[in-house]
Amino acid sequence: MTIAADLRIVDDLRGLSHAAAEEFVNQATATVRANGRFTVALSGGSTPKSLFSLLATSFRDQLPWDKLFFFWGDERHVPPEHPESNYRMAYEAMLSRVPIPPENVFRVPAENPDANQAAADYGQALRNFFQLSPETFPRFDLILLGMGPDGHTASLFPGTSALQEKSRLVVANWVEKFKAYRITFTLPVLNNPAVVTFLVGGADKAATVKEVLEGTQPAELLPSKLVHPTNGRLIWMLDQAAAAALSKP
Ligand code: 6PG
C-alpha cells in the first residue's frame, strides 16, 4: 500500500531542518491567525534538535510564542534533567531561549517512578487542556514525528503492546530492547491531528522509508506505516540520503 503523503525531499539535514522550520512557522502563524493558538506535540531523538535551534534563533521573531502550546508525543522514563530526556533536549535547544510562558509547556511527568501513573497523568493533562469529553481524542494542530531504522515512531515500537491501544491517549509502553518503559501517545492521538509531519534524515533509514511509503510489509512491523491522519495532512520531510531508495517520481 502506498501511503498518500505530501513528500518533500531536501539535500541534507541542514536543509531538512530549515525547510521544517519554515513549514512550522507557516503552520503556526496561519493557525494562530485563524484560531488564536497553535498546539504542537514535539518528537524526540536527535533529528529535530537543529530544527528546534533554528526556531529559537533564525525564526524566533516570526513566531507568536505566547500563543504556542508545546507537548511531547513521547518521552523516555527519566527525569527532565536526564541526558536522555526529550524534554531536556527541547528545553536546551529551544524553550530556554524563547519568550514562551512556562504554562504553555506541558512536559510529560516522566520522573514518576510509576510509568503507568505518569502516562495516566499526562493523558489527563491532555483531556483537561483540550476539554475533551470521554471517548474523544485531542486534535493537535501539528504532531512532529521521527522514525527509527526499525520503523518505530514516537515510542510505538514493532511488536509492543501500545500498538493495540484504542482508547487511552497516552500509555507506558515496555520496550524490551531497552529494558525500559517509554511514555507515548497512542495511535488514535497520532491519527487525529490537523497535520502530522515526519522529519527523517540519514542513509540508515532509507530502506525503512521505502518500505513504509511504498512497501507491502504488514504495517504492524513498521509502526510509522500506521500513522496517517483520518482528517488531516500527512507530510514526510526527508533528506536525500533517507529518500535514496524511493521510486523516482
Ligand atoms: C524518541 C523519539 C523517537 C525518534 C526516533 C528517531 O523518543 O527517541 O521520539 O521516536 O523520533 O527514534 O530518532 P533520531 O532522530 O535520533 O534518529
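Residues numbered from 1 in each chain as written. Predicted model: local features only at pLDDT ≥ 70, side-chain atom pairs only at ≥ 80, totals over all residues. Heavy atoms only, no water.

**Student:** So what exactly am I meant to see when it comes to the packing of aromatic side chains here?
**Tutor:** Think of a pair of aromatic rings as described by two things: how far the centres are apart, and how the planes are tilted against each other in angle. Under the criterion given, the structure shown has 18 aromatic pairs. Here the aromatic rings of F106 and F129 are separated by 5.1 Å at their centres, their planes lie at 65 degrees, and the arrangement is edge-to-face. With a gap of 23 residues between them, F106 in the loop between α3 (86–93) and α4 (115–130) and F129 in helix α4 connect regions that are remote in the sequence. For F129, a relative accessible area of 16% gives the class buried. Among the aromatic residues, those joined into a ring-pair cluster are F69, F71, F106, Y122, F129, F130, F140 and F185. Positioned above the aromatic ring of Y87 is the side chain of R107, whose terminal nitrogen or guanidinium carbon lies 5.7 Å from the ring centre. (Phe/Tyr/Trp six-rings, centres within 6.5 Å; stacked < 30°, edge-to-face > 60°. Helix = DSSP H or I, 4+ residues; strand = E, 2+ residues; numbered from the N terminus. Buried < 20%, exposed > 50% of the residue type's maximum accessible area, 1.4 Å probe, protein only. Lys NZ or Arg CZ within 6 Å of the ring centre and 35° of its normal.)

**Student:** Even after reading the chapter, I still don't get the site of the ligand, so can you show me in this structure?
**Tutor:** The immediate surroundings of the ligand are formed by 14 residues, with T47, D74, H152, A154 and K205 found nearest. Backbone polar atom of G44 to an oxygen atom of the ligand: 3.3 Å apart, as the coordinates give it. In isolation the ligand has 420 Å² of accessible area, and contact with the protein removes 87% of it. (Near = heavy atom within 4 Å. Polar contact = N/O pair within 3.5 Å; in protein donor to acceptor, adjacent residues only side chain to side chain. Areas by Shrake-Rupley, 256 points an atom, 1.4 Å probe, with all protein chains shown as cover.)

**Student:** Help me out: how do you make sense of the pattern of salt bridges in this one?
**Tutor:** One side chain can pair with another of opposite charge once the charged atoms of both are near each other. A complete count under the given rule lists 13 salt bridges for this structure. We note a salt bridge from D6 to R233, for which the minimum N-O separation is 4.0 Å. Placement of the pair is D6 in strand β1 (residues 6–10) and R233 in strand β9 (residues 233–239), with a sequence separation of 227 residues. Residue D6 is classed as partly exposed on the basis of its relative accessible area of 30%. Its relative accessible area of 39% is what places R233 among the partly exposed residues. What emerges from the salt-bridge pattern is a single network uniting D6, R8, E23 and R233. (Salt bridge = Lys/Arg side-chain N within 4 Å of Asp/Glu carboxyl O.)

**Student:** Just checking my understanding: could you explain the layout of surface pockets for this structure?
**Tutor:** One way to see where empty space is left: roll a probe the size of a water molecule over the atoms. Reported here for the largest pocket is a volume of approximately 320 Å³. Considering the residues around the largest pocket, the lining is formed by 22 residues, among which G44, G45, G146, M147 and H152 are closest to the centre. Grouping the amino acids of the lining of the largest pocket by side-chain chemistry returns eight nonpolar, 10 polar and four charged. Roughly 150 Å³ of internal volume is contained in the second largest pocket. (1 Å grid on protein atoms, 1.4 Å probe; cavity = no way out; pocket = protein on both sides within 12 Å on 5 of 7 lines; lining within 4 Å. Points joined across faces, edges and corners; volume = space filled by probe spheres on them. Nonpolar A, V, L, I, M, F, W, Y, C, P; charged D, E, K, R; others polar.)

**Student:** Before we go on, may I ask you to explain α4 in this structure?
**Tutor:** Count 3.6 residues to each turn of an α-helix, and residues three or four apart come out pointing the same way. Between its first and last C-alpha atoms α4 spans 23 Å; for 16 residues at 1.5 Å apiece the expected length is 22 Å, and the two agree. On the buried face of α4, the contacting elements are β2 (38–42), β3 (68–72), β6 (170–175) and β7 (180–185). The N-terminus of α4 is capped by D114, whose side-chain oxygen sits 3.0 Å from the backbone nitrogen of N116. Looking one or two places after α4, you find Q131, whose phi comes out positive at around 50 degrees. (Expected span 1.5 Å × (residues − 1). Contact = heavy atoms within 4.5 Å.)

**Student:** Sorry if this is basic, but what is going on with the pairing of β2 here?
**Tutor:** Sheet faces and side chains relate simply in a regular strand, where the side chains alternate between the two faces. Burial within β2 is extensive, with five of its five residues counted as buried. The alternating pattern of β2 places F38, V40 and L42 and T39 and A41 on opposite faces, both of which are buried. In the sheet, β2 pairs with β3 via five bridges, with the strands oriented parallel. Within β3, the residue paired with F38 across the bridge is L68. (Pairing = 2+ DSSP bridges.)

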